[in-house]
Amino acid sequence: MIDTHCHIHDKQFDADRDEVVARAFEAGVSCMLTIGEDVADSRRAIEIAEPYEISVAVGIHPHEAKNALHDIAEELTPLLDAPGVIAIGETGLDYYYDHSPRDRQAAVLRAQIRLARDRSLPVVFHHRDAFEDFTAILREEWSRTMRGVVHCFTGTAPQARTFIDEFGLYLGIGGVLTFPNADGLRQAVVAAGAQKLVLETDCPYLAPVPVRGKRNEPSFVAHTAAKLSATLGMHLDELVGITDENARRLFEL
Ligand SMILES: [Zn+2]
Ligand SMILES: [Zn+2]
């Protein structure tokens, strides 16, 4: 299994990161991608991931867009050549929390899409409660030759189809899929089909059932994989084969 979205460099893992990574490998996680949330956090991700040979995405989260310099490319470009860096993100729009002004979120998102296009890198998108504005920006900035994933997808079936059919994006499926009240998401996942899905934890956040409420970690992606295979009516091995292949294609692993 590949955990396509974790924050293994988060301080919550400082005390026992070696054990957490070992548990992930024991649980069958072959590969992880740790995701930066601003420039300093991305630098930290690179440093911490290197000895474990964990892959890294560098970027500026919409929550942090308010603090970003105006020349995003100048800030991020030096990080792109660091060992392990394979993607830009996470970047996007978050109108649920609105921690940054919406026009700053949009500007920082556009700049990161352009940087990804210039460098032929995949993009990890974070999107919440901003579907209209997010897709409007994609229509202007995105091309289907680019690679990207809408991480922690929790939308509707029509939204899933738009991301897949119009933009060629993958959908990252995490612990929310296992929550009792997530019938809408499970329907959307069935509508999407396995061919554009990848697995993720978003750890230390959003632990799946039956470990919901605990600190999440990459080994718990197994619970989400089991739920996803049941939701799609597929054998676990078959499902993981497809989602791993998707992740390899998406990130050129
Ligand atoms: Zn996110
Ligand atoms: Zn994240």
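Quick caveat: nothing in here was measured; it's all calculated off a predicted structure.

A. Region of the structure containing the coordination of the zinc ion (ligand 1). Of the protein atoms, only Glu90 (OE), His126 (ND1) and His151 (NE2) coordinate the zinc ion (ligand 1), at distances of 2.0 to 2.1 Å. Binding-site remark: the zinc ion (ligand 1) is held by donors from one chain whose sequence spacing is E-x35-H-x24-H. Here the zinc ion (ligand 2) and the zinc ion (ligand 1) are spaced 3.5 Å from one another, each receiving a donor from glutamate 90. Here histidine 126 is found in strand β5 (residues 123-128), whereas its partner histidine 151 is found in strand β6 (residues 148-151), with 25 residues between them in sequence. Accessibility assignment for this pair places histidine 126 and histidine 151 in one class, buried.

B. Quick peek at the pattern of salt bridges. Taken as a whole and assessed by the stated rule, the structure comprises 15 salt bridges. Glutamate 217 is the partner of arginine 23 in a salt bridge, and the nearest nitrogen-oxygen pair spans 2.8 Å. Placement of arginine 23 in helix α1 (residues 17-26) and of glutamate 217 in the loop between β8 (197-199) and α8 (221-232) is noted, with a sequence separation of 194 residues between them. Arginine 139 is paired through a salt bridge with glutamate 166; the nearest N and O atoms lie 2.7 Å apart. Remark: glutamate 166 occurs in helix α6 (residues 157-166) and arginine 139 occurs in helix α5 (residues 131-141); sequence separation between them is 27 residues. For arginine 139, a relative accessible area of 47% gives the class partly exposed. Given a relative accessible area of 34%, glutamate 166 falls into the partly exposed group.

Calculation rules
- Residues numbered from 1 in each chain as written.
- Chains lettered and ligands numbered in written order.
- Predicted model: local features only at pLDDT ≥ 70, side-chain atom pairs only at ≥ 80, totals over all residues.
- Heavy atoms only, no water.
- Donors = N, O, S within 2.8 Å, 3.2 Å for Na, K, Ca; no water.
- Helix = DSSP H or I, 4+ residues; strand = E, 2+ residues; numbered from the N terminus.
- Buried < 20%, exposed > 50% of the residue type's maximum accessible area, 1.4 Å probe, protein only.
- Salt bridge = Lys/Arg side-chain N within 4 Å of Asp/Glu carboxyl O.

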